[in-house]
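Structural characterization, general
The primary structure of each chain is shown beneath.
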Amino acid sequence: MIKIYAPASIGNLGVGFDILGAAIYPIKKNMLGDVVSIKSSKKFKLTNLGVFSKDLPKSYKDNIAWKAWLIFLKKTKIKKNVHIILEKNLPISSGLGSSASSIVATLVALNIFFKKPLNKIQLIRLMGKIEENVSGGMHYDNVAPSYLGGVRLIIKKKKIISQKIPYFKNWFWVISWPGIKLSTLQSRAILPKIYSKNTCIKHSQYVSCFIHSSYTNQSSLASSSIKDILAEPFRKKLIKNFSKHKKNVKKIGSIAYGISGSGPTIFSICKNKKIAKKIKKYFLKNYVENKKGFAHICKIDPIGARKIGKKINEII
Ligand code: HSE
């Protein structure tokens, strides 16, 4: 049996709409990512487990793991059946790369189970295709970091270029999901088709400044360039009290704040654990709406998808 964990991710990283993303793990080392196990089976079987499995589509044909299996069969021409066990640990439509995590875990597990018929680039392509089908737009800013780990810059030309960007090890990423859904399809649909020249220039200044400061280890310059002028102005109305929380976490000591992927998860970056704990407490009190919601203090996950044993930090 093969068992693969694929971490949650923060798409866009505030500044790089559709081109930057990061894999994350909670410092408490609790599970924040889906797990897929593959076993041989005479007939195809799909079992859904995990806290959020109740929110998965009723028909297995709408399940992402099934879609990933179909596309994998088509690409590899394999004619065997398997039993897929999906542990759905990430909330659906949360902005934490939940669909990406299921896609990555399923494809990586299948590929290892069948002795690696596909290479990295072929796998990323398939991951992007399924993500497009689910979210209504081709973007790799969740699948690439969840698969390969770290902070990733993803450029799609004829080939897909996925580069690891250096990151600040002392940053804490406090994320909070309020416990409600927001579909990526909906959050993408409200964005304008065309942006002004001024917006394009400012956006490229922020992205290039972030990449430059990440390479030259200038933490303050990097955090000050985490500004989202493409999506946030339109998406913030979908997020309760977005601007109020921005002001309040800044007062507590946050150095950057934004929407994780297409929301409703929000993130705040801070430089020490004491402030991170205060921000987590603030989110739990003021942003989380129900018992399902949560806040976690996270770090960048440098590994991405991996085999796991019984415990999450047991890397095989
Ligand atoms: N880049 C995507 C978006 C991420 O913002 O729509 C979706 O999680």
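Taken as a whole, this structure holds 5 salt bridges when the rule is applied. Between D18 and R188 there is a salt bridge; the shortest N-O distance is 2.7 Å. Here R188 lies in helix α5 (residues 184-189) and D18 lies in the loop between β2 (9-11) and β3 (20-26), a separation of 170 residues in the sequence. Residues D18 and R188 agree in their burial class; the two are buried. One salt bridge in this structure joins D301 and R306, with 2.7 Å as the shortest N-O distance. Of the two residues examined, D301 and R306, each falls in the buried class.

Our next topic: the packing of aromatic side chains. Per the counting criterion, the structure on display carries 16 aromatic pairs. Connected via pairs of aromatic rings, a cluster forms that spans F44, Y60, W66, W69, F72, F113 and F114. Taking NZ or CZ as reference, K169 lies 4.4 Å from the ring centre of Y167, over its face. Taking the ring centre of F172 as reference, the NZ or CZ of K299 above it sits at 4.1 Å.

Turning to the domain arrangement of the protein chain, a few remarks are in order. Each assigned domain of the protein chain is listed with its residue range as follows: domain 1 (2-166) and domain 2 (172-300). The distance between the C-alpha centroids of domain 1 and domain 2 comes to 23 Å. Counting from both sides, the interface comprises 38 residues of domain 1 and, opposite them, 43 residues of domain 2. Here domain 1 meets domain 2 over a buried area of about 3,200 Å², counting both sides, of which 68% is carbon and sulfur. Taken as a group, V15, F17 and I27 account for 20% of the area that domain 1 buries against domain 2, more than any other trio of residues on that side. Between the two partners, domain 1 and domain 2, sit 1 salt bridge. If you list the elements that add at least two residues to the side of domain 1 that touches domain 2, you get β2, β3, α3 (120-135) and β8 (160-165). Looking at the side of domain 1 that touches domain 2, the element that brings in the most residues is β3, giving 6 residues. Class assignment of the residues belonging to the side of domain 1 that touches domain 2 gives a composition of 21 nonpolar, 13 polar and 4 charged.

So, on to the layout of surface pockets. With a probe scaled to a water molecule rolled over the atoms, the places where space remains empty come into view. Approximately 530 Å³ is the volume found for the largest pocket. Forming the walls of the largest pocket are 34 residues, and the residues nearest its centre are I92, S93, S99, V134 and T184. For the lining of the largest pocket, the two domains that each supply at least three residues are domain 1 (2-166) and domain 2 (172-300). Taken as a whole, the second largest pocket spans an internal volume of roughly 350 Å³. If you trace the second largest pocket, you find 17 residues lining it, with I226, K227, K246, A256 and Y257 closest to the centre. Elements supplying a minimum of two residues to the lining of the second largest pocket: α7 (219-224), α9 (242-252) and β10 (256-259). It is β10 that provides the largest number of residues to the lining of the second largest pocket, a total of 4 residues. Classifying every residue of the lining of the second largest pocket gives 7 nonpolar, 5 polar and 5 charged.

Thresholds applied
Per chain, the residues get numbers from 1 upward, laid out in the order the sequence is written. Whole-chain, interface and lining totals are the exception, using all residues; otherwise, since this is a predicted model, local features are given only for residues with pLDDT of at least 70 and side-chain atom pairs are given and counted only at 80 or more. The side-chain figures draw on all heavy atoms in the structure; neither hydrogens nor water molecules are used. By convention in these notes, a salt bridge is any Lys or Arg side-chain nitrogen within 4 Å of a carboxyl oxygen on Asp or Glu. Secondary structure follows DSSP: runs of H or I at least 4 residues long count as helices, runs of E at least 2 residues long count as strands, and numbering of each begins at the N terminus. When accessible area is computed with a 1.4 Å probe and restricted to protein chains, residues below 20% of their type maximum are described as buried, those above 50% as exposed, and intermediate ones as partly exposed. Each Phe, Tyr or Trp ring (for Trp, its six-membered ring) is paired with any other whose centre lies within 6.5 Å, and the angle between the two planes then decides the class: stacked below 30 degrees, edge-to-face above 60, tilted in between. Counted as over-ring charges are cases with an Arg CZ or a Lys NZ within 6 Å of the ring centre that also lie within 35 degrees of the ring normal. An automatic or database domain assignment supplies the start and end points of every domain. Here, residues are in contact when the closest pair of their heavy atoms is within 4.5 Å. By convention, the term buried area covers the 1.4 Å-probe accessible surface removed from two parts as they join, with the contributions of both added. When residues are grouped by polarity, Ala, Val, Leu, Ile, Met, Phe, Trp, Tyr, Cys and Pro land in nonpolar, Asp, Glu, Lys and Arg in charged, and all others, Gly among them, in polar. The distinction between a cavity and a pocket rests on a 1 Å grid over the protein atoms alone: a 1.4 Å probe fits inside a cavity but cannot get out, while a pocket stays open yet meets protein on both sides within 12 Å along at least five of seven lines, and a residue with an atom within 4 Å of a point counts as lining. Grid points are joined across faces, edges and corners, and a volume is the space filled by probe spheres set on the points.

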